[in-house]
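So the chains spell out like this:
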Amino acid sequence: MQSGCSSFMILLAFLVIGAFEFESGFATTVTYDHRALVIDGHRRVLLSGSVHYPRTTPEVWPDIIRKSKDGGLDVIETYVFWNYHEPVRGQYYFEGRFDLVRFVKVVQKAGLFVHLRIGPYACAEWNYGGFPLWLHFIPGIQFRTSNTPFKNEMERFLIMIVDMMKEEKLFASQGGPIILAQVENEYGNVEWAYGVGGELYVNWAASMAVSLNTTVPWIMCQQADAPDPVINTCNGFYCDGFTPNSPSKPAMWTENYCGWFLAFGYAVPYRPVEDLAFSVARFFERGGTFQNYYMYFGGTNFGRTAGGPLVATSYDYDAPIDEYGFIREPKWSHLRDLHKAIKNCERHLVASDPTYMSLGAKLEAHVYNNSEGCAAFLANIDNNADANVSFHGNLYRLPAWSVSILPDCKNVIFNTAKVCSSYENKMNVEYNIASSAWYWYEEHVGFWSDSSFTEPGLLEQINTTKDASDYLWYFTAPEGDGPLSLNLASMGKGQAWVNGQGIGRYWSAYLSPKEGCSDHCDYRGSYDSNKCLKNCGQPAQTLYHVPRSWVVDSGENLLVLHEELGGDPSKITVSTKSGHGVCAHISESDHPPIDLWEPGSGFNQSSPEVQLSCYNEWKIVSINFVSFGTPTGQCGKFSHGNCSAHNAIQIVQEACIGRRRCSVPVSVHKFGDPCPGMLKSLAVEAICSL
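- Labelled according to an unreviewed UniProt entry, the protein appears under the name Beta-galactosidase, originating from Acorus gramineus.
- Check the Sequence similarities (unreviewed entry) section of the UniProt entry for the protein; it says "Belongs to the glycosyl hydrolase 35 family."
- Taken from UniProt, the Catalytic activity (unreviewed entry) comment for the protein reads in full: "Hydrolysis of terminal non-reducing beta-D-galactose residues in beta-D-galactosides."

### Notes on the side chain of Ser402
Reasoning step 1: Tracing the sequence through the fold places Ser402 in strand β18 (residues 402–406).
Reasoning step 2: At 3.2 Å, the side chain of Ser402 forms a polar contact with the side chain of Asn415.
Reasoning step 3: Look past the residues within four positions of Ser402 in its chain and what remains in contact with it is Phe278, Leu378, Ala379, Asn380, Asn415, Thr416 and Ala417.

### Details of the packing of aromatic side chains
Reasoning step 1: Here the structure, examined in full by the defined rule, presents 41 aromatic pairs.
Reasoning step 2: Ring geometry for Tyr128 and Phe143: centres 6.1 Å apart, planes at 85 degrees, overall edge-to-face. In this pair, Tyr128 is assigned in the loop between β6 (113–119) and α3 (148–167) and Phe143 in the loop between β6 and α3, connecting sequence segments 15 residues apart.
Reasoning step 3: Ring centres 4.7 Å apart and planes at 50 degrees place the aromatic pair Trp507 and Tyr510 in the tilted group.
Reasoning step 4: With relative accessibility at 18%, the residue Trp507 sits in the buried group.
Reasoning step 5: The ring centre of Tyr121 lies 3.8 Å from the NZ or CZ of Arg144, which sits over that ring.

### Examining the packing of helix α5 (residues 273–285) against helix α6 (residues 331–343)
Reasoning step 1: At a minimum axis distance of 10 Å, the contact between α5 and α6 shows a crossing angle of 15 degrees. The orientation of α5 relative to α6 falls into the category roughly parallel. Relative to α6, α5 is oriented so that their crossing is right-handed. Here α5 contributes Val273, Leu276, Ala277, Val280, Ala281 and Phe284 to the contact with α6, which in turn contributes Lys331, His334, Leu335, Leu338 and Ile342.
Reasoning step 2: The residue makeup of the contact of α5 with α6, split by class, is nine nonpolar, one polar and one charged.

### A few points about the sheet that holds strand β15 (residues 373–380)
Reasoning step 1: With antiparallel pairing, the five strands of this open sheet are ordered in space as β13-β14-β15-β18-β19. Strand pairing shows two members of the sheet lacking a second neighbour, β13 (355–360) and β19 (414–415), which therefore form its edges.
Reasoning step 2: Here five bridges tie β15 to β18, and the two strands are oriented antiparallel to one another. Following the sheet pairing, Asn380 is matched in β18 by Ser402.
Reasoning step 3: Where α5 meets the sheet, it contacts β14 (363–370), β15 and β18, and its direction lies at approximately 50 degrees from that of β14.

### Describing unusual backbone geometry
Reasoning step 1: Each neighbour pair has its own omega, and for Gly119 with Pro120 the value is 10 degrees, a cis peptide bond.
Reasoning step 2: Mapped onto the elements, Pro120 comes out in the loop between β6 and α3.
Reasoning step 3: Cis rather than trans, the peptide bond between Asp228 and Pro229 has omega equal to 5 degrees.
Reasoning step 4: Within the secondary structure, Pro229 is located in the loop between β8 (218–221) and β9 (231–236).
Reasoning step 5: In this model, Arg144 sits at a positive phi of 55 degrees, which is unusual for a non-glycine residue.
Reasoning step 6: Residue Glu184 is not a glycine yet carries a positive backbone phi of 60 degrees.
Reasoning step 7: Turning to its location among the elements, Glu184 is positioned in the loop between β7 (178–183) and α4 (196–211).

### Looking at α4
Reasoning step 1: With 16 residues, α4 extends 23 Å from end C-alpha to end C-alpha; this agrees with the ideal 22 Å at 1.5 Å per step.
Reasoning step 2: Looking at α4, one finds that the buried residues are Gly197, Gly198, Tyr201, Val202, Ala205, Ala206, Met208 and Ala209. Each buried residue of α4 lies within a common arc of 165 degrees when the element is viewed along its axis, so the set occupies one face. Looking at α4, the residues exposed on the side facing more than 90 degrees away from the buried face are Val196, Leu200 and Ser211.
Reasoning step 3: Looking at the buried side of α4, the elements it contacts are α3, β7 and β8.
Reasoning step 4: One or two residues past the end of α4 sits Asn213, with phi positive at roughly 55 degrees.

Rules and cut-offs
- Residues numbered from 1 in each chain as written.
- Predicted model: local features only at pLDDT ≥ 70, side-chain atom pairs only at ≥ 80, totals over all residues.
- Heavy atoms only, no water.
- UniProt positions renumbered as here; feature names shortened; annotations may be inferred.
- Helix = DSSP H or I, 4+ residues; strand = E, 2+ residues; numbered from the N terminus.
- Polar contact = N/O pair within 3.5 Å; in protein donor to acceptor, adjacent residues only side chain to side chain.
- Contact = heavy atoms within 4.5 Å.
- Phe/Tyr/Trp six-rings, centres within 6.5 Å; stacked < 30°, edge-to-face > 60°.
- Buried < 20%, exposed > 50% of the residue type's maximum accessible area, 1.4 Å probe, protein only.
- Lys NZ or Arg CZ within 6 Å of the ring centre and 35° of its normal.
- Axes fitted to C-alpha atoms, helices over the stretch in contact; angles between N-to-C directions.
- Parallel < 35°, antiparallel > 145°, perpendicular 65-115°, else oblique.
- Left-handed = near helix turned anticlockwise from the far one by under 90°.
- Nonpolar A, V, L, I, M, F, W, Y, C, P; charged D, E, K, R; others polar.
- Pairing = 2+ DSSP bridges.
- Expected span 1.5 Å × (residues − 1).
- Arc of directions from axis to C-beta.

As structure tokens, this is what we get:
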């Protein structure tokens, strides 16, 4: 059987993926063996995603977690953060968007598990790697080595976090969602520099963490010498070749990079979903059972939380859920279908180790057998040539750099390289600073006069030493309840505040190199952070996230700019999303939607179909393009090709206009046959709006 693309494009899954959902996200015992984490006595395949709670606001946490669950995740992974502005030694801040307990409870309420990466060192492109600044001033301290002042503070922090979770009954043994905890972070990358002190520190950290009696397993990522019983795990773009340091430990992947972080002066990196899905499928194909996306939702480096001299304010990371909390297509849907396919193999994956089979040069299969049957992964790891292979007496077509998943060792229900075309056409309500929606602030009320600044908590902190008419502005927020975007392309370099909240630093004057980007990035072959780039010759970032909860809907909002190089504030705009486009291109040869696959019985219908869905409560308001026949091109640039059914647009309009979701069979029984004897497909472009 030939594999086909995931046969629908969907922007938001509104139905619970019951086939691979844990009951209420609760557990009582968590252990592990060589194959997997063992939850309440059962080995489990777990799909996880990183969501950093301070990089958005508590008001939107439930929506982000819901979309993560709808995308097929079982676990939410997060570092522990505290407000680094707290200046007093020994003091930590866990309120507002730093409210760790509230976040964990949001995840619990959604029915998902939590992997709590306590650290306390996080890196995460966070200022000072997550350490509070006051730690630096403790006499005699040396970070992350066998140093008594540092170990005292680290132990105190871990005890505080563990006790905080225990008090709220959030560990699995207490009926809570936390099934894993992490101590330290990627220390193996730097341990060599500390000599014997590094080795002593690793052993101390592991022993100290285990002694806290969390009742859940501890992990150390990128730590080949993690002492038993701490599990060492892999971080990277590919981890299918990873082997734990003990035969009693499962293969776990804590950071699979969905893209890369954004930096001022650099082009924007992104990772094609075909390659991301390939890396995930290869990991499970070769024996992995726990995989985490870094990031599944990246969010924003508000205020001065961005670490390093060039890390930008956006921490979007080309994640399946974008910086503003909207689903990114086709990444979200393609991964969701991948998760469904893997979960359909779960009972086989956890029952045995894989058996390797060579199918030819750079062609291979891994087969999982148990008493109920078998599941198989067929892989073409060549980065150029497609191939036909024979497996169990059937022929299969494997695109280059792809994995096909067969939950019954016969039928392909997913191939990593077959992605439904999709795009998002942003429709914004935009207000210009020079328009009637903006007002000059003409009074002499403040301006930061020096370049070494601390983030203000209250406007009373502003110095009143200079006419601020060029730096302080009031604006009226666009209507709606969605997040806002502040366009600072006309400015130079500085920082911005809205109603006293730090939006982050901007650097529009620093352009990326003009070379190195391309309109099309070939997903085939190994990926790194410089392979796929866009926006060459432009600022790394011009749009800045303003959470809706930080503005007043009816009234004036204060925008404060600290500009170092000069710019034109009159060209600043603020906008909000008021609609989006959806698109799909499905062939007659594609298999039906993966949701219609039933273990033991196969697909419960024979026809592929186009499925479209709008965000939230938006509905499909117009159909911009339809062609059933031989359409060509890509989403946003389709043409009819050599033949097209004359009634196609009316059929799709009747099925979809005014609905939040719709489906249309890709079949001559629905549209007639405009070109007999030819393989036909259906291409649709639609607009969703309020």
